[in-house]
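Summary of the model geometry
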Amino acid sequence: MEKFTGESILEFTDKFKTDLDCLEYLAEIKWKEGFKCVKCNHTKFTIRKKNFARDCNACHHIESPIVDTIFHRVRFGLRKAFTIVFEMSATTKGFSTKQLAKRLKISRTTATNFIKKVRISMASSTSQPMIGQVFVDEFVFGGKEDLKQGRSNNSKKKKLIIAVETNDTGGIKRVYFDQLEDYSCKEIRKIFDKHISKSASIKTDKWTGYNPLKKEFDLKQIKSDKGKSSKELHTIIHQVKSWLRSTFSWVHKEHIQKYLDEFSYRINRSIYKENIFDLLINRMMKTQKVLYQDIIISK
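What counts and what doesn't
- Residues numbered from 1 in each chain as written.
- Predicted model: local features only at pLDDT ≥ 70, side-chain atom pairs only at ≥ 80, totals over all residues.
- Heavy atoms only, no water.
- Helix = DSSP H or I, 4+ residues; strand = E, 2+ residues; numbered from the N terminus.
- Buried < 20%, exposed > 50% of the residue type's maximum accessible area, 1.4 Å probe, protein only.
- Contact = heavy atoms within 4.5 Å.
- Areas by Shrake-Rupley, 256 points an atom, 1.4 Å probe, with all protein chains shown as cover.
- Pairing = 2+ DSSP bridges.
- Core = buried A, V, L, I, M, F, W, Y, C linked by side-chain atoms within 4.5 Å.
- Axes fitted to C-alpha atoms, helices over the stretch in contact; angles between N-to-C directions.
- Parallel < 35°, antiparallel > 145°, perpendicular 65-115°, else oblique.
- Left-handed = near helix turned anticlockwise from the far one by under 90°.
- Nonpolar A, V, L, I, M, F, W, Y, C, P; charged D, E, K, R; others polar.
- Phe/Tyr/Trp six-rings, centres within 6.5 Å; stacked < 30°, edge-to-face > 60°.
- Polar contact = N/O pair within 3.5 Å; in protein donor to acceptor, adjacent residues only side chain to side chain.

So, on to the overall build of the chain. When its secondary structure is counted, the chain shows ten helices and eight strands. Buried positions account for 47% of the 299 residues belonging to the chain. Across the chain, contacts joining residues at least 24 apart in sequence account for 60% of those joining residues at least 6 apart. When the accessible area of the chain is evaluated, it comes to approximately 16,500 Å², of which 49% is carbon and sulfur surface.

On to the pairing of strand E2 (residues 53-56). Of the two faces of E2, the one holding Ala53 and Asp55 and the one holding Arg54 and Cys56 are both buried throughout. Here four bridges tie strand E1 (residues 45-48) to E2, and the two strands are oriented antiparallel to one another. Bridge pairing links Arg48 to Ala53 in E2. Hairpin connection of E1 to E2: four residues between the antiparallel strands, including Phe52 at a positive phi of 60 degrees. Bridging between E2 and strand E3 (residues 62-63) involves two bridges; their strand directions are antiparallel. Within the sheet, the bridge partner assigned to Asp55 lies in E3 and is Ile62. Remark: five residues form the turn of the hairpin made by E2 and E3, two consecutive strands paired antiparallel; His60 in that turn has positive phi of roughly 60 degrees.

Take the nonpolar core next. Core analysis: the biggest nonpolar cluster contains 44 residues, and Phe71, Phe82, Ile84, Phe114, Phe277 and Ile281 have the highest contact counts within it. Elements represented by at least two residues in this core include exactly helix H2 (19-30), helix H3 (78-90), helix H4 (97-104), helix H5 (108-122) and helix H9 (276-286). Per element, the largest residue contribution to this core is eight residues, and it comes from H3. If you look at the next biggest cluster of nonpolar residues, it comprises 21 residues, including Val136, Leu180, Cys185 and Phe217.

With that settled, the discussion passes to the packing of helix H7 (residues 231-247) against helix H8 (residues 256-268). Close contact between H7 and H8 brings their axes to 11 Å; oriented N to C, the two are set at 125 degrees. Relative to H8, the element H7 lies oblique. The two elements H7 and H8 meet at a crossing, and its hand is right-handed. Along its contact with H7, which presents Ile236, Gln239, Val240, Trp243 and Leu244, the element H8 presents Tyr259, Leu260, Glu262, Phe263, Arg266 and Ile267. The residue makeup of the contact of H7 with H8, split by class, is eight nonpolar, one polar and two charged.

A negative phi angle characterises most non-glycine residues, just as the trans form characterises most peptide bonds. Backbone geometry at Asn41 places phi at a positive 70 degrees, although glycine is not the residue there. In the Ramachandran plot, Phe52 falls in the positive-phi region, its phi being about 60 degrees despite a non-glycine side chain. Position of Phe52 relative to the elements: it lies in the loop between E1 and E2. Judged by its relative accessible area of 17%, Phe52 is buried.

Before going further, it helps to examine the packing of aromatic side chains. For the structure on display, the rule yields 24 aromatic pairs. A centroid spacing of 5.4 Å and a plane angle of 80 degrees characterise the contact between Phe12 and Phe277, whose relative ring orientation is edge-to-face. One end of the pair, Phe12, is in helix H1 (residues 9-15); the other, Phe277, is in helix H9, and 265 residues separate them in sequence. Taken individually, Phe12 and Phe277 each receive the classification buried, so the pair is uniform in this respect. With a centroid separation of 5.5 Å and an interplanar angle of 80 degrees, the aromatic rings of Phe76 and Phe114 are classed as edge-to-face. Pair noted here: Phe76 is in the loop between E3 and H3 and Phe114 is in helix H5, with a separation of 38 residues, a long-range link.

We now examine the sheet that holds E3. The three strands lie next to each other as E1-E2-E3, forming an open sheet whose pairing is antiparallel. In the strand order of this sheet, the two ends are held by E1 and E3, each with one partner.

Turning our attention to the side chain of Asp178. Mapped onto the elements of the fold, Asp178 is located in strand E6 (residues 172-180). Given a relative accessible area of 7%, Asp178 falls into the buried group. Within the local environment of Asp178, its side chain forms a polar contact with the side chain of Lys194, the two groups lying 3.0 Å apart. Contacts of Asp178, omitting those with residues within four sequence positions, involve Lys159, Leu160, Ile161, Lys190, Ile191, Lys194 and Gln257.

This part takes up the environment of Phe277. According to the relative accessible area criterion, Phe277 is buried, its value standing at 2%. Placed 187 residues apart in sequence, Phe277 and Ala90 show a C-alpha to C-alpha distance of 6.8 Å. Ignoring anything within four residues of it in the chain, the contact list for Phe277 reads Phe4, Phe12, Phe16, Tyr25, Phe82, Val85, Phe86 and Ser89.

Right, dumping it as structure tokens:
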């Protein structure tokens with residue numbers, strides 16, 4: 001089965017007509033590098049046509065295409081699960097979970113829990129740090145911060161930081177976000193360590209929390225001028241705030257990082273829109289199964 005490309009919902013539904021079509025797609029991804037039995041390491045197998053499982057010719061251990069993946073024990077149907085993945089990858093604007101659940105004839109809770117699992121696969125691997133020109137700034141979500149000298153650590157608003165890598169023409173190349181507990185250098189440097197190469201040319205505003213980072217990074221501090229000094233960065237901040245407000249009725253602090261990862265995933269792969277669904281499915285097949293306790297909010 002050829003990989004799915006494009007953003008057409010009609011082409012998508014034509015390709016994945018049944019749950020069996022989805023199983024075949026996942027089986028080809030899982031064993032594209034070859035089969036090796038998890039029990040005895042034998043490499044010869046027989047394909048079970050009813051579910052594309054591999055039956056080891058030596059010990060006859062049967063392995064499902066979805067075992068120990070995010071699709072493990074999906075009880076509402078793989079075709080519906082694929083539709084959710086398609087909506088999350090191909091749709092640039094937000095969608096209503098309530099409406100999606102109604103269209104797929106599943107409960108809102110079922111849709112919400114599976115979407116949370118998909119977001120786990122959207123998180124960055126942090127294996128390819130930003131290079132070139134990078135802009136970094138902090139912002140808050142949940143309303144305007146009280147205007148005063150310095151940053152307020154007492155605010156109940158969610159404190160966030162953004163790093164934007166631009167290309168040679170000044171366009172957006174990649175975007176990453178991180179959640180902050182406060183505005184200290186210790187908190188700020190987390191996004192530097194995870195996402196920014198020490199060879200990058202970095203620009204920030206004049207907040208003193210960035211000062212210690214100059215010893216390790218090529219960092220230049222410039223006057224913010226209410227965002228005019230880095231329009232690309234503040235455009236992304238405006239877009240992510242609008243997306244959060246229009247898509248989610250309320251954003252819990254335990255989940256906001258996953259929402260930001262979802263936003264980053266689509267932005268960073270915007271030039272690969274033809275393959276974005278297939279790329280996400282491949283990521284999900286490499287992600288270990290996610291349990292219920294991994295996605296609920298801890299009390």
